[in-house]
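Read off the chains here:
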Amino acid sequence: MQITFERDSVCAGDDVLAPNARAVTFPARPRITEILHETGPIIDYLPCVQASRTHWLVLIDKECVAKISFTCEPRRSLAITMLVSDRHVEAERVYFSAAGQERI
């Protein structure tokens, strides 16, 4: 199954690449946790903002399903807070909405 990831820009330079979309292929209908897993495709999809922790809301079919905290330094790491029960994803698009940033 192919799902399009799309996200907000994090800075003016990032706007050059807008709408920041990427097609990701999964072998079958993935669960939300498979899409958001820390070793999954989002670790390479979300942008690195040096010396910062970025916060994202994850929307599937306009429903906010999770909150993510992402940092790059000293290594890429992801903290996920699920807002709904895990389930298979039927949607063809997952949107990552910027929800803030803090210096670390």
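This text follows the structure it describes.
Residues numbered from 1 in each chain as written. Predicted model: local features only at pLDDT ≥ 70, side-chain atom pairs only at ≥ 80, totals over all residues. Heavy atoms only, no water.

## Details of the state of the cysteines
Piece 1. Here the structure, examined in full by the defined rule, presents one disulfide.
Piece 2. Across a sulfur-sulfur distance of 2.1 Å, Cys-48 and Cys-72 are joined as a disulfide pair. Across the S-S bond of Cys-48 and Cys-72 the torsion is about -105°, and the bridge reads as left-handed. Pair noted here: Cys-48 is in the loop between helix H3 (42-45) and strand E3 (52-60) and Cys-72 is in the loop between strand E4 (63-71) and strand E5 (77-82), with a separation of 24 residues, a long-range link.
Piece 3. Looking at Cys-48, the relative accessible area reads 37%, which means it is partly exposed. (Disulfide = S-S within 2.5 Å. Helix = DSSP H or I, 4+ residues; strand = E, 2+ residues; numbered from the N terminus. Buried < 20%, exposed > 50% of the residue type's maximum accessible area, 1.4 Å probe, protein only.)

## Observations regarding the pattern of salt bridges
Piece 1. The tally for this structure, following the rule as stated, stands at four salt bridges.
Piece 2. Residue Arg-29 pairs with Glu-90 through a salt bridge whose shortest N-O separation is 2.0 Å. Of the two residues, Arg-29 sits in the loop between strand E2 (22-25) and helix H2 (32-36) while Glu-90 sits in the loop between E5 and strand E6 (93-103), which places them 61 residues apart along the sequence.
Piece 3. For Arg-31, the salt bridge is made with Asp-86, and the minimal N-O distance between the two is 3.2 Å. (Salt bridge = Lys/Arg side-chain N within 4 Å of Asp/Glu carboxyl O.)

## Some words on the pairing of E5
Piece 1. The pairing of E4 with E5 spans six bridges and is classified as antiparallel. If you follow Phe-70 over to E5, its bridge partner there is Leu-78.
Piece 2. Here E4 folds back onto E5, and the loop between the two strands holds five residues. (Pairing = 2+ DSSP bridges.)

Any link to function would need more than the numbers given here.
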